[in-house]
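# Observations on the three-dimensional arrangement
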Amino acid sequence: MATLLNGPTIIKAAGTVDKIISEFFGKVNSKTNEVSIAHMISPAGWYEPGQRPDFNEYTVVLKGKLKVETLKEEFEVVAGQAILAPKNEWVRYSSPEGAEYIAVCVPAFSPGTVNRDKE
C-alpha cells in the first residue's frame, strides 16, 4: 500500500551552529527502519563531531560545498557531486561555506547507531 507523507519532520542536528534537517523518510517521520532520507540546509561554519556509523550514508550536494573527512582523505563535495561514506568507517562532515544536500542512510539513521566521537 502506498503511503503519502504530508511533509518532513524537522530534526535537531548535532554540531556547532543550527543546521536544518528535514526528515522525509526515517525512524521519526515515517517510522521507517530500512532507510532514512533527509534534506539538509547547513550554514557556513557548521561542523559536527566525527562518527563511525552503523549505516551507509549516501550524500548528494545540491548547493554549496560539503567537506567530508575520513581517516585517510578529505573531500570537498560541491553541487552536482555525491559521496558515499560506508558504514563502520570514521567520517566527519562540515560546511565551511554552507551547503544544501540530501542524505540517504541505509539502514535508517538513529542517534544510537551514529556512534559520534566524544568531545
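Attention in this report is confined to the structure presented alongside it. (Residues numbered from 1 in each chain as written. Predicted model: local features only at pLDDT ≥ 70, side-chain atom pairs only at ≥ 80, totals over all residues. Heavy atoms only, no water.)

As a further point, take the overall build of the protein chain. Helix and strand counts for the protein chain stand at one helix and nine strands. In the protein chain, the succession of helices and strands from N to C terminus is β-β-β-β-β-β-β-β-β-α. The globule rule puts the C-alpha radius of gyration for 119 residues at 14 Å, and the 14 Å found for the protein chain is close to it. For the C-alpha atoms alone, the extent of the protein chain along its principal axes is close to 45 × 25 × 25 Å. For the protein chain, the proportion of its 119 residues judged to be buried stands at 37%. Contacts spanning at least 24 positions in sequence make up 66% of the contacts within the protein chain whose residues lie at least 6 apart. With the model as given, the accessible surface of the protein chain reaches about 6900 Å², and the carbon-plus-sulfur share is 56%. Computing the positive centroid from 13 side-chain charges and the negative centroid from 15, the protein chain places the two 3 Å apart. (Helix = DSSP H or I, 4+ residues; strand = E, 2+ residues; numbered from the N terminus. Rg over C-alpha atoms; globule rule 2.2 N^0.38 Å. Buried < 20%, exposed > 50% of the residue type's maximum accessible area, 1.4 Å probe, protein only. Contact = heavy atoms within 4.5 Å. Areas by Shrake-Rupley, 256 points an atom, 1.4 Å probe, with all protein chains shown as cover. Lys, Arg positive; Asp, Glu negative; His and termini not counted. Charge placed at Lys NZ, Arg CZ, Asp CG, Glu CD.)

Counting 16 residues, the largest nonpolar core has Met40, Leu66, Val68, Tyr93 and Tyr101 as its most contacted members. Contributions of two or more residues to this core are made by strand 3 (36–42), strand 5 (56–70), strand 7 (82–85), strand 8 (91–95) and strand 9 (99–106). Excluding residues that lie within four positions of it along the chain, leucine 66 makes contacts with Thr59, Val61, Phe75, Glu76, Val77, Tyr93, Ser94, Ala99 and Tyr101. (Core = buried A, V, L, I, M, F, W, Y, C linked by side-chain atoms within 4.5 Å.)

Glancing now at the pattern of salt bridges. Pairs may arise between side chains of opposite charge once their charged atoms sit close together. One pass over the full model with this rule turns up six salt bridges. One salt bridge connects arginine 92 with glutamate 69, and the closest N-O pair in it is separated by 3.2 Å. Of this pair, arginine 92 sits in strand 8 while glutamate 69 is found in strand 5, placing the two residues 23 residues apart along the sequence. Given the relative accessible area of 27%, arginine 92 is considered partly exposed. Accessibility expressed as a relative area gives 16% for glutamate 69, which makes it buried. (Salt bridge = Lys/Arg side-chain N within 4 Å of Asp/Glu carboxyl O.)

Now for the side chain of glutamate 23. In this structure, glutamate 23 sits in strand 2 (residues 20–25). Although glutamate 23 lies buried, it forms no salt bridge, and the closest oppositely charged side chain, lysine 31, sits 7.3 Å away as judged by the N-O distance. Among the polar contacts listed, one links the side chain of glutamate 23 to the backbone nitrogen of valine 28, at a separation of 3.0 Å. Polar contacts involving the side chain of glutamate 23 include one to the main-chain amide nitrogen of asparagine 29, which spans 2.6 Å. (Polar contact = N/O pair within 3.5 Å; in protein donor to acceptor, adjacent residues only side chain to side chain.)

Take it as geometry only, folks, not as evidence of what the structure does.
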